2 protein chains.
Amino acid sequence: MCEASAYIIDGDKQELIMEAVDSVEPEDGGYKLINIFGEQKFVKGTIHSLSLVDHRVYLKKS
Amino acid sequence: MCEASAYIIDGDKQELIMEAVDSVEPEDGGYKLINIFGEQKFVKGTIHSLSLVDHRVYLKKS
């Protein structure tokens, strides 16, 4: 399975906000993250970058 | 390996622009895609959505 961990970038820090993320969908000025367990989380911000081989998605709050 | 295929969304259509994408990094008002073979492609636009279990990254031109 190729789910990823989602991190919020805040300056030099990276905060893990969700593991096993499957889909990231635009919603209301941000993104809705859904993981393989069906859990959802909303992040007001943008997708900053991806490192897929490392299973990492980076978001940045707006 | 968990690389993905990158698609540009254009209305109802999706155009495959790169396979085996590893990293997607912000650059100059767009994103630089790099695949596992070291090939690079620049897209002026945003990351629209992700479907990681399906190995798909969707971008939208700005």
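In the block above lies the structure referred to throughout.
Since we're looking at a predicted model, the values are computed, not measured.

Draft legend 1. Here's a closer look at the environment of Ile34 of chain B. Residue and element names in this part refer to chain B. Along the polypeptide, Ile34 turns up in strand S3 (residues 30-35). Sequence spacing of Ile34 and Val24 is ten residues, and the spatial spacing of their C-alpha atoms is 6.5 Å. In this structure Ile34 touches Met18, Val21, Asp22, Ser23, Glu39 and Gln40, once residues within four positions along its chain are discounted.

Draft legend 2. Region of interest: the state of the cysteines. Applying the stated rule across the entire model yields one disulfide over all chains. Across a sulfur-sulfur distance of 2.1 Å, Cys2 of chain A and Cys2 of chain B are joined as a disulfide pair. In this structure, the disulfide formed by Cys2 of chain A and Cys2 of chain B twists by about -75° around the S-S bond and is classed as left-handed. Taken together, the residues Cys2 of chain A in the segment before strand S1 (4-10) and Cys2 of chain B in the segment before strand S1 (4-10) connect one chain to another. Like Cys2 of chain A, the residue Cys2 of chain B is buried in the burial classification.

Each value, and the rule that gives it
Residues numbered from 1 in each chain as written. Chains lettered and ligands numbered in written order. Predicted model: local features only at pLDDT ≥ 70, side-chain atom pairs only at ≥ 80, totals over all residues. Heavy atoms only, no water. Helix = DSSP H or I, 4+ residues; strand = E, 2+ residues; numbered from the N terminus. Contact = heavy atoms within 4.5 Å. Disulfide = S-S within 2.5 Å. Buried < 20%, exposed > 50% of the residue type's maximum accessible area, 1.4 Å probe, protein only.

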